[in-house]
Amino acid sequence: MNQIEFHAMGSRMLAMVDSNSIPAEHLLNQVPVWFEEWENVLSRFRLDSELSRLNRSTGMPVAVSQTLWDVFHGSCAAETWTDGLVRPTVLDALLQAGYDRSFDFMPTSVSMASSAILNLPDLSTAVGWDESTHSLFLPESVHLDFGGMAKGWSAQQAAIRLAEVGPALVDAGGDIAISGIRSDGDAWPVGILDPFHPDRNLATLRLGACGVATSGVDYHRWQQDGQLRHHIIDPRTGMSAETDVLTATIIAADAVRAEAEAKAVVIIGSRSGMERLEADPELAGVLILQNGEILYSHTMENFLWK
Amino acid sequence: MQNKNSHRWLDVQIVIMTLAMTVSLALWNLFASKNQTVTQTQATTPSLSSPQVTIYFGNPAPQAPAITAPSNDTPAISAPSAAPMPVTTTRSSRP
């Protein structure tokens, strides 16, 4: 087993390959380089990133890199999967809520006056694109933040690349992509952090090829003029989602889908969230509620290590 | 005539003494031999209290099993095997 840990995108990253070969070791050493490249494209906190330049270039078509193109279309898919609950046009709403810098540098309280941005446009209708020139067109009032989608996409992309040299797992700050079961035929054991006791796990998952992601309001939160805010924006209100879910952990076919579904479940709350999970056999999930209650979808039975 | 009778009596005495000595020697010899045999038998029988030493070549000496007193806090049935240590943990994004 080869593995590498590093810091990127404001989070701890871990990449593992179940192989001791020299090519596996060499490829693993490339993972931080890949993440640095992707962060240079996708981060809204880097003023010189490709995304920041795109956000400054509204009202005109801008040719974009393959990475930005792929993540944009992944986000369009996420918007479709979640019936518009997850959309990267939330940047202005996030800024309005006070989330204007990397969370590493966020104060615990901000005094910016808040006002809801009620009209968060659909990504697929508001943003134009031209396949022949790989260009995107942002209207004047639309700015993008891929947020967790960028991490999920990066984890998935890295796992796909590493799979050339062996079964791989990539953990991008809690968004995890797995290329397949380990060489010995065993599943990968992955813990679910207990948000009430961050030094221990609530359960252990047994995972093969899939994506798993946790979204929640347990960490990224702050006070704004006495009101509790967090980074998960409900596009129906333009404000931090009012939810009874503290964290949602979702297992899906890949990390992008898992990230989108986890965020959607947090936004709509536990009741609608569980209905959503139970209606889709391709999803499995665990919801930890703010009152301490824990809800499992029936499909979680297949993934819990007993 | 008197001389002839005295010779005869003397002969009888000699015969009686010879028989007595013969019987005495025979009996002596008989009992003396039995005692000697018993003594020799006892000397060649190994003493049961003497230690027996066995030497093994090419194999480790056998070890006596350790016997420990049962502990009250040791469960009689082992718990089912726990999940392996997770390689990582999914959590909401944080540094």
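Below: a short report on this structure. (Residues numbered from 1 in each chain as written. Chains lettered and ligands numbered in written order. Predicted model: local features only at pLDDT ≥ 70, side-chain atom pairs only at ≥ 80, totals over all residues. Heavy atoms only, no water.)

Turning to the packing of helix α4 (residues 66-81) of chain A against helix α8 (residues 255-279) of chain A, a few remarks are in order. Residues and elements named next belong to chain A. Where α4 meets α8, the closest approach of the two axes is 9 Å, and the angle between their N-to-C directions is 15°. As judged from the angle between their axes, α4 and α8 are roughly parallel. As α4 runs across α8, the sense of the crossing is right-handed. Facing α4, whose interface residues are Gly74, Ala78 and Trp81, α8 presents Val256, Arg257, Ala260, Glu261 and Arg276. Considering only residue class, the contact of α4 with α8 consists of four nonpolar, one polar and three charged. (Axes fitted to C-alpha atoms, helices over the stretch in contact; angles between N-to-C directions. Helix = DSSP H or I, 4+ residues; strand = E, 2+ residues; numbered from the N terminus. Parallel < 35°, antiparallel > 145°, perpendicular 65-115°, else oblique. Left-handed = near helix turned anticlockwise from the far one by under 90°. Contact = heavy atoms within 4.5 Å. Nonpolar A, V, L, I, M, F, W, Y, C, P; charged D, E, K, R; others polar.)

As summarised here, the arrangement of the three strands in space is β10(A)-β9(A)-β1(B), forming an open sheet in which the pairing is mixed. The strands lining the two open edges of the sheet, one partner per strand, are β10 (197-207) of chain A together with β1 (88-90) of chain B. The sheet shows a mean angle of 40° between the axes of neighbouring strands, direction not considered. Pairing geometry for strand β9 (residues 188-194) of chain A and β1(B), over three bridges, is parallel. (Pairing = 2+ DSSP bridges.)

Many structure descriptions define interface size as the accessible area lost when the parts assemble. At the interface, 32 residues of chain A touch 14 residues of chain B. In this assembly, chain A packs against chain B so that about 1900 Å² is buried in total across both faces, 56% of it on carbon and sulfur atoms. Summed over the three residues of chain A that lose the most area to chain B, namely Pro189(A), Leu193(A) and Tyr219(A), the buried surface amounts to 24% of that side. For the pair chain A and chain B, the interface holds one salt bridge. Between Asp171(A) and Arg91(B) there is a salt bridge, with its nearest N and O atoms 3.2 Å apart. The tally of links from chain A across to chain B stands at 11 residue pairs in polar contact (both at pLDDT 80 or more). Contributing elements (two or more residues each) for the side of chain A that touches chain B: β2 (11-17), β7 (168-172), β9, β10 and β11 (210-216) of chain A. Residues that form the side of chain A that touches chain B fall into these classes: 13 nonpolar, 13 polar and six charged. (Buried area = accessible area lost by both parts, 1.4 Å probe. Salt bridge = Lys/Arg side-chain N within 4 Å of Asp/Glu carboxyl O. Polar contact = N/O pair within 3.5 Å; in protein donor to acceptor, adjacent residues only side chain to side chain.)

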